[in-house]
Amino acid sequence: MTLDAPLHQDDRITAFAEHRPLLFSIAYRMLGSSADAEDVLQDAYMRWQRAKETDVRSPKDYLSTTVTRLAVDHLRSARVRREVYVGPWLPEPLVGVDANDPLAASVLAESLSTAFLVLLERLTPTQRAAFLLREVFAFEYADVARILRSTEANARQLVQRAKRHIAEGRPRFTSDARQADELSRLFLAACTTGDMQGLVSLLSDDAVAWADGGGNFAAARHPVTGTERVSRFVASVVAKWLASGDVAIEAVNGGVGLLFHAGGRLRAVMTVATDTIVGRVQGVFIQVNPDKLHDS
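This structure is a prediction, so every number in the text was calculated from the model and none was measured. (Residues numbered from 1 in each chain as written. Predicted model: local features only at pLDDT ≥ 70, side-chain atom pairs only at ≥ 80, totals over all residues. Heavy atoms only, no water.)

The helix and strand inventory of the protein chain stands at 10 helices and six strands. With the C-alpha coordinates of the protein chain rotated into their principal frame, the extents come out at 65 × 40 × 35 Å. The buried share of the protein chain, reckoned over its 296 residues, is 49%. Of the contacts made within the protein chain by residues no fewer than 6 positions apart, 66% connect residues no fewer than 24 positions apart. (Helix = DSSP H or I, 4+ residues; strand = E, 2+ residues; numbered from the N terminus. Buried < 20%, exposed > 50% of the residue type's maximum accessible area, 1.4 Å probe, protein only. Contact = heavy atoms within 4.5 Å.)

The next thing to look at is helix 10 (residues 227-244). Look at helix 10: 26 Å from first C-alpha to last across 18 residues, which is about the 26 Å you get at 1.5 Å a residue. Turning to helix 10, its buried residues number three or more, namely Thr 227, Val 230, Ser 231, Phe 233, Val 234, Ala 235, Val 237, Val 238 and Trp 241. (Expected span 1.5 Å × (residues − 1).)

Met 30, Val 67, Leu 120, Phe 131 and Leu 148 are the most contacted members of the largest nonpolar core, which totals 51 residues. Those elements that provide at least two residues to this core are helix 1 (9-31), helix 2 (34-50), helix 3 (59-82), helix 4 (114-120), helix 5 (125-136), helix 6 (141-147) and helix 7 (152-169). Among the elements that make up this core, the one with the highest residue count is helix 1 (nine residues). With 30 residues, the next largest nonpolar core counts Val 224, Trp 241, Leu 258 and Ile 286 among its residues. (Core = buried A, V, L, I, M, F, W, Y, C linked by side-chain atoms within 4.5 Å.)

Another point: the environment of Asp 39. Summarising the element assignment, Asp 39 is placed in helix 2. A C-alpha to C-alpha distance of 9.4 Å links Asp 39 and Ala 27, two positions 12 residues apart in sequence.

The next thing to look at is the packing of aromatic side chains. What the rule picks out here adds up to six aromatic pairs. Both rings, one in Phe 24 and one in Tyr 28, keep their centres 6.1 Å apart while their planes meet at 10°; by these two values the pair is stacked. With Phe 24 and Tyr 28 both in helix 1 and four residues apart, the pair spans about one turn of that helix. Across the pair, Tyr 28 and Phe 24 agree in class, each one buried. Consider the rings of Trp 241 and Phe 260, whose centres lie 5.4 Å apart with planes at 0°: the pair is stacked. (Phe/Tyr/Trp six-rings, centres within 6.5 Å; stacked < 30°, edge-to-face > 60°.)

Here we take up the packing of helix 8 (residues 177-193) against helix 10. At a closest axis distance of 8 Å, the pairing of helix 8 and helix 10 adopts a crossing angle of 60°. When you trace helix 8 past helix 10, the crossing you get is right-handed. Each of Phe 187, Cys 191 and Thr 192 in helix 8 lies in contact with helix 10, whose residues at this interface are Val 234, Val 238 and Leu 242. Among the residues making up the contact of helix 8 with helix 10, the classes are represented as five nonpolar, one polar and no charged. (Axes fitted to C-alpha atoms, helices over the stretch in contact; angles between N-to-C directions. Left-handed = near helix turned anticlockwise from the far one by under 90°. Nonpolar A, V, L, I, M, F, W, Y, C, P; charged D, E, K, R; others polar.)

Before going further, it helps to examine the pattern of salt bridges. Counted according to the given criterion, the structure contains 14 salt bridges. Taking the shortest distance from any N to any O, the salt bridge between Asp 61 and Arg 57 comes out at 3.9 Å. We classify Asp 61 as buried; its relative accessible area is 14%. For Glu 228, the salt bridge goes to Arg 232, with nearest N and O atoms at 4.0 Å. With Glu 228 and Arg 232 both in helix 10, this residue pair falls four residues apart, about one helical turn. Given a relative accessible area of 46%, Arg 232 falls into the partly exposed group. Residues joined in a network through salt bridges with shared partners are Arg 57, Asp 61, Asp 143 and Arg 146. (Salt bridge = Lys/Arg side-chain N within 4 Å of Asp/Glu carboxyl O.)

With that settled, consider the sheet that holds strand 6 (residues 280-287). In spatial order, the strands read 2-1-6-5-4-3; together these six strands make up an open sheet with mixed pairing. What marks the edges here is a single partner per strand, and that holds for strand 2 (224-225) and strand 3 (246-252). Across two bridges, the pairing between strand 1 (residues 203-212) and strand 2 is antiparallel. Residue pairing in the sheet places Val 208 in a bridge with Thr 225 of strand 2. Packed onto the sheet, helix 10 meets strand 1, strand 2, strand 3, strand 4 (255-262), strand 5 (265-275) and strand 6 and runs at close to 45° relative to strand 1. (Pairing = 2+ DSSP bridges.)

Now for the side chain of Ser 33. Topologically, Ser 33 is positioned in the loop between helix 1 and helix 2. Assessed through its relative accessible area of 11%, Ser 33 is described here as buried. Only 3.4 Å separates the side chain of Ser 33 from the backbone nitrogen of Ala 35, close enough to count as a polar contact. Polar contacts involving the side chain of Ser 33 include one to the side chain of Glu 92, which spans 3.3 Å. Excluding residues that lie within four positions of it along the chain, Ser 33 makes contacts with Tyr 28 and Glu 92. (Polar contact = N/O pair within 3.5 Å; in protein donor to acceptor, adjacent residues only side chain to side chain.)

Structural data, given as structure tokens:
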């Protein structure tokens, strides 16, 4: 099936702009980096400009297929780099993106969160693509199979395997965005006041804190575990931020995070993973790698 009418240059520009939010959403969730996602979109745009009309079933189909395949290839090479990454690897935060942003709108509302993007690192590039296309962006299995140059049966297997890997990493699944937001704000506010008792009461017994410095900035090279150690760690980190700059709770990755600015620049972002069933914070993610920090 091809287009009913020729695609002129202006039509191609308009079509790309129309589908850009979807394309960026796919690329960012695949790669965990807005910079890499933009590179993928640029490459996809160049291919779109050169695409033969006989190869285009529809603009959305061609563009989403191209972006997904480019992201899979990019992720395969990125995996090699991440194997020698210094300390924990965390995704690049999307500052200023709240729950109402088109980038956060999806069937799986939490799919933009730092915690969920970290879980996606458990998957192979094709599992990640299949899971996101099907479970987050609601593509039909037939379309997932075609995009990944596979069979529909294999596409189903990829999605099921991805679900199992994700479940292993997060057995307690909740999706109450309002409660998660309130719990996150309580915890981040306690960080800013140094309320140790409040921090301890809000952290789960198996809480873990990760800090990504990428070898470019001082950060914990290994995860910090346990209620007491995590509470002392985050309180100490935020106290240092307050001594040298400003902190504020703002929208990040469809939720909220604690932003640290100093010298007119964004220096760090802290986000959390919550379990709203028991009302506790399970994970704390601190991004201090300057290569991954950009204001909205």
